[in-house]
Amino acid sequence: MKIAVFKPTNIRIDNSFATGQHIIFEALNKLDDYEFTYFIDDEKTNFNGINTKYLKIDSIKYFLQKVIRKVFKLFYMNIPAYKNLDFSQFDVVITDGIHYPLISYLENFQGKIILNDSITTNYSLDKKRVDYVNKYFKDSIVVVVNDKIPTIYKNNNLKLNTYTIGHAIDIKKINFKQRSYFNGKLISVGRLVEEKGYKYIIQAIKNLENTCPFLSLDIYGTGPLYDLISEQIKELKIDSKVTLFGFIDNNALLEKLNDYDAFISHPLEMSYIAEAFHMGNMEAMANGLPVITTDCGGVPYVVKNHAIITEQRNIISIEKAIVQIMKDEPYYTQLSRDSRKYIENEYILEIIINKWKLILA
């Protein structure tokens, strides 16, 4: 079976596609029954173990497409901007979900189409978009990463066959460390952008200075808010408690997890985005780190009752969660143990691969 993966969202070596979904496709590609090819337009990007076809862009058509879409507010545009896009030799094409203009390239594809969707923001879809998708893709399959997305589809009258398959967690790379006592060392990983909610976490650390004097937070990640977050830390005079470490390679991160007592994230739902899966939470859980996160987007659907879920933008809620794992040692120990078991039962590579096999059959 020949399978094309067409322009996966934000395809970069260091993001959740590489750490979550690519390892699924790479593993399937090693089997005799499957041959994967990635269609991408960045020649600097390369994924080991997968054939790659680099797309050439017709700059004039690409420019026209962007202008027309912006002026007329169209989400799709059937003006082929890629010079060498040919799926005729493939049995299956996997592409991004209903929210992207790229699906217009598949209107006449005769094989199996899998729309690979992770958009979890609550909003109403334009009727033209809904009618378009229902017309051309009603027989397609949509693979989503959380159980909230099918509800969004239903609320918007999208008639699509959806299957929930989360990202795979490669537990062979993640050591399990049972925690039994919270020593105050928190770790967080993510881009330094507004939707990651770091200002709320940092303020909570400041507010807990007297209650938890031993508390510290190490943040790994880069982004446009680096200077602003650094300034907040200085203004609150908690330089000795909160440290920004910048970018860290995923393999190095998985080793670093062993040095900490809990993982904290605070994703926020924005008008344009909501966290769909949060690989950081799941890798931390696989390591045995109790996780404190939020009710943003698909996050509570993914972690379920195996993490502490706080209210978005609620600093007091963050403080209560930290105090809870500090004071309630049995609960802290249980979170550490059960989070690893949850990953092993639901998200290990072998389980996710089998789910994909059923979809591809």
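Here, every reference points to the structure presented above.
Residues numbered from 1 in each chain as written. Predicted model: local features only at pLDDT ≥ 70, side-chain atom pairs only at ≥ 80, totals over all residues. Heavy atoms only, no water.

Visitor: Just to check I follow, could you spell out the side chain of Asn29 for this structure?
Guide: Relative to the assigned elements, Asn29 resides in helix H1 (residues 16-29). On the basis of relative accessibility, which here comes to 18%, the residue Asn29 falls in the buried class. Of the polar contacts made by the side chain of Asn29, one reaches the backbone nitrogen of Phe36; its length is 2.7 Å. If sequence neighbours within four positions are ignored, Asn29 has contacts with Tyr34, Glu35, Phe36, Gly49 and Ile50. (Helix = DSSP H or I, 4+ residues; strand = E, 2+ residues; numbered from the N terminus. Buried < 20%, exposed > 50% of the residue type's maximum accessible area, 1.4 Å probe, protein only. Polar contact = N/O pair within 3.5 Å; in protein donor to acceptor, adjacent residues only side chain to side chain. Contact = heavy atoms within 4.5 Å.)

Visitor: Where do I start with the environment of Ser230 in this structure?
Guide: Note on placement: Ser230 falls in helix H6 (residues 226-235). Residue Ser230 is classed as buried on the basis of its relative accessible area of 18%. Distance in space between the C-alpha atoms of Ser230 and Thr243 is 8.7 Å, their sequence separation being 13 residues.

Visitor: What's the story with the environment of His167 in this structure? I'm lost.
Guide: Relative to the assigned elements, His167 resides in the loop between strand E7 (161-164) and strand E8 (185-189). Judged by relative accessible area, which is 10%, His167 ranks as buried. Along the chain, His167 and Phe17 lie 150 residues apart, while their C-alpha atoms are 8.2 Å from each other.

Visitor: Can you help me understand helix H11 (residues 329-346) in this one?
Guide: One full turn of an α-helix is made of 3.6 residues, so residues set three or four places apart face in the same direction. Over its 18 residues, H11 runs 26 Å from end to end, which matches the ideal 26 Å to within 8%, given 1.5 Å per residue. The secondary structure elements touched by the buried residues of H11 are helix H8 (279-287), helix H9 (299-303), strand E13 (308-310) and helix H10 (315-327). Capping the start of H11, Asp328 holds a side-chain oxygen 3.2 Å from the backbone nitrogen of Tyr331, two or three residues further along. (Expected span 1.5 Å × (residues − 1).)

Visitor: Can you help me understand the side chain of Glu269 in this one?
Guide: Structurally, the position occupied by Glu269 is in the loop between strand E11 (262-264) and H8. Of the polar contacts made by the side chain of Glu269, one reaches the backbone nitrogen of Asn122; its length is 3.0 Å. The residues contacting Glu269, other than those within four sequence positions of it, are Thr120, Thr121, Asn122, Lys148, Ala274, Cys296, Gly297, Gln312 and Arg313.

Visitor: What is the right way to look at H8 in this model?
Guide: The element H8 is largely enclosed, with a buried count of nine among its nine residues. Of all the positions in H8, only Met279, Gly280, Asn281, Met282, Glu283, Ala284, Met285, Ala286 and Asn287 are classed as buried. Downstream of H8 by one or two residues, Gly288 has phi in the positive range, about 95°.

Visitor: Would you mind showing me how to read the packing of aromatic side chains here?
Guide: For the coordinates displayed, the defined rule picks out 17 aromatic pairs. When the centroid spacing of 6.2 Å and the interplanar angle of 80° are considered together, the rings of Phe6 and Tyr82 count as edge-to-face. Residue Phe6 is found in strand E1 (residues 2-6), and its partner Tyr82 is found in the loop between helix H2 (59-72) and strand E4 (92-96); the two are separated by 76 residues along the sequence. With a relative accessible area of 0%, Phe6 lands in the buried category. For Tyr82, a relative accessible area of 9% corresponds to the buried category. Where Phe182 meets Tyr332, the ring centres are 5.9 Å apart and the plane angle is 65°; that geometry is what we call edge-to-face. Placement of Phe182 in the loop between E7 and E8 and of Tyr332 in helix H11 is noted, with a sequence separation of 150 residues between them. Each member of the pair, Phe182 as well as Tyr332, is classed as buried. (Phe/Tyr/Trp six-rings, centres within 6.5 Å; stacked < 30°, edge-to-face > 60°.)

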